[in-house]
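Geometric and topological summary
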Amino acid sequence: MTVRLYRPHELSLSSSVVTVGAFDGVHLGHQALIRKVVERAAMFRVPAVVYTFDPPPRCYLKNMPMITPIDEKLKRLEKLGVDEVIVARFNEHYITRSAASFMEELRILHPVEIWVGRDFRFGRNREGSIDELAAVFHVRSIDPIRCDSGEVISSTRIRSLITTGRWKEAEKLLGII
Ligand SMILES: Cc1cc2nc3c(=O)[nH]c(=O)nc-3n(C[C@H](O)[C@H](O)[C@H](O)COP(=O)(O)O)c2cc1C
Ligand SMILES: Nc1ncnc2c1ncn2[C@@H]1O[C@H](COP(=O)(O)OP(=O)(O)OP(=O)(O)O)[C@@H](O)[C@H]1O
């Protein structure tokens, strides 16, 4: 595997383009976002960084099944051209971290851009908002990617397709990478 792996606070960079998220399944919506990050990073000639969580927060907090275990997620991120991946163990200790402490950690990556979805939240009790992030960093987002029926593609939707045995539809939304 050529993608480089780090735990929180291990990586410091003089410049980067960063995205943060659970990315369970690395579905077509995630792929569009991550391709954008890789494209922007290449344009700035800086590393493309994904900050993710293991297990995905929703799986940990709501006791839901995971679509892609961490090894499979990392393989998919690598195929998309990501340079560095930070994997935070999402557990009872991590969820007590404040939004401010998380932003301090992002500072050491010196991101020229941070790409997140429009509903992104972070920090204990989901206290941190995009507005707070955007007060410190240059925050950007893409339009949501939808499936043929017009519904926004999400890990939640794919989990529900898998648990009801609708494999073909789930695979379509996961995309082949
Ligand atoms: C430091 C930190 C603490 C978090 N604590 C909580 C929490 O207490 N409750 C919660 O529901 N989510 C918590 N989250 C998870 C976020 O709500 C969110 O799932 C995460 O930032 C990934 O974004 P995404 O769900 O858009 O992929 C935390 C995230 C971070 C970075
Ligand atoms: N369909 C999509 N189009 C564009 N961006 C997306 C799409 N789905 C998720 N993202 C973005 O990818 C990042 C990680 O999202 P996340 O892992 O929470 O995905 P999700 O599919 O919404 O998951 P869940 O259904 O479990 O909440 C976020 O910035 C989110 O906005």
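To be clear, the structure that these remarks concern was listed above.
Report on the accompanying structure. What you are looking at is a predicted structure, and each value in this text was computed from that prediction instead of being measured.

Broken down by element type, the chain carries seven helices and six strands. Tracing the chain from N to C terminus, the helices and strands come up as β-β-α-β-α-α-β-α-β-α-β-α-α. Relative to the compact-globule value of 16 Å for 177 residues, the chain shows a C-alpha radius of gyration of 16 Å, a close match. When its C-alpha atoms are laid out on the principal axes, the chain stretches across 45 × 35 × 30 Å. The 177 residues of the chain split such that 46% are buried. For the chain, the accessible area works out to roughly 9,500 Å², and carbon and sulfur atoms hold 52% of it. Considering the chain, the positive charge centre built from 26 side chains and the negative charge centre built from 22 side chains are found 3 Å apart.

Considering all chains together, one arrives at 14 salt bridges under this definition. Note that arginine 4 and glutamate 84 form a salt bridge whose closest N and O atoms lie 3.0 Å from each other. Of the two residues, arginine 4 is situated in strand 1 (residues 4–6) and glutamate 84 in strand 4 (residues 84–89); the sequence distance between them amounts to 80 residues. For arginine 4, a relative accessible area of 42% translates into the label partly exposed. One salt bridge in this structure joins glutamate 104 and arginine 107, with 3.0 Å as the shortest N-O distance. With glutamate 104 and arginine 107 both in helix 4 (residues 99–107), this residue pair falls three residues apart, about one helical turn. Judged by its relative accessible area of 41%, arginine 107 falls in the partly exposed class.

What follows concerns the site of ligand 2. Taken together, 21 residues form the shell around ligand 2, and within it His27, Gly117, Ile145, Ser155 and Thr156 come nearest. Glycine 117 places a polar main-chain atom, nitrogen or oxygen, 2.6 Å from an oxygen atom of ligand 2. A distance of 3.4 Å is found between an oxygen atom of ligand 2 and a side-chain nitrogen or oxygen belonging to arginine 159. Of the pockets mapped on this structure, ligand 2 occupies the largest pocket. Put simply, the parts of the chain that give the shell around ligand 2 at least two residues each are helix 1 (28–44) and helix 6 (155–163).

Close to ligand 1 lie 17 residues; Ala22, Arg121, Gly123, Asn125 and Arg126 are nearest. Between an oxygen atom of ligand 1 and a main-chain N or O atom of asparagine 125, the distance comes to 2.8 Å. Protein chains shield 83% of the accessible area of ligand 1, which is 610 Å² for the free molecule. Split into classes, the residues belonging to the shell around ligand 1 amount to 10 nonpolar, three polar and four charged.

Turning to the nonpolar core, a few remarks are in order. Val20, Tyr51, Leu106, Leu109 and Leu133 are the most contacted members of the largest nonpolar core, which has 25 residues in total. Put simply, the parts of the chain that give this core at least two residues each are strand 2 (16–20), strand 3 (48–54), strand 4, helix 4 and helix 5 (130–136). Broken down by element, this core gets its largest block of residues, four residues, from helix 4. In contact with leucine 109, other than residues within four places in its own chain, are Leu11, Leu13, Ser15, Ser16, Val18, Val49 and Ile86.

Turning to the pairing of strand 3, a few remarks are in order. Summarising burial for strand 3: six of the seven residues are buried, a large majority. Relative to strand 3, strand 2 runs parallel, the two being bridged by four bridges. Each bridged residue has a counterpart across the sheet, and for valine 18 the counterpart in strand 3 is valine 49. Regarding topology, helix 1 serves as the crossover connection from strand 2 to the parallel strand 3, and that connection is right-handed.

The rules behind these values
Residues numbered from 1 in each chain as written. Chains lettered and ligands numbered in written order. Predicted model: local features only at pLDDT ≥ 70, side-chain atom pairs only at ≥ 80, totals over all residues. Heavy atoms only, no water. Helix = DSSP H or I, 4+ residues; strand = E, 2+ residues; numbered from the N terminus. Rg over C-alpha atoms; globule rule 2.2 N^0.38 Å. Buried < 20%, exposed > 50% of the residue type's maximum accessible area, 1.4 Å probe, protein only. Areas by Shrake-Rupley, 256 points an atom, 1.4 Å probe, with all protein chains shown as cover. Lys, Arg positive; Asp, Glu negative; His and termini not counted. Charge placed at Lys NZ, Arg CZ, Asp CG, Glu CD. Salt bridge = Lys/Arg side-chain N within 4 Å of Asp/Glu carboxyl O. Near = heavy atom within 4 Å. Polar contact = N/O pair within 3.5 Å; in protein donor to acceptor, adjacent residues only side chain to side chain. 1 Å grid on protein atoms, 1.4 Å probe; cavity = no way out; pocket = protein on both sides within 12 Å on 5 of 7 lines; lining within 4 Å. Sits in = over half its atoms within 2 Å of the grid points. Nonpolar A, V, L, I, M, F, W, Y, C, P; charged D, E, K, R; others polar. Core = buried A, V, L, I, M, F, W, Y, C linked by side-chain atoms within 4.5 Å. Contact = heavy atoms within 4.5 Å. Pairing = 2+ DSSP bridges. Right-handed = clockwise from strand over helix to strand, strands pointing away.

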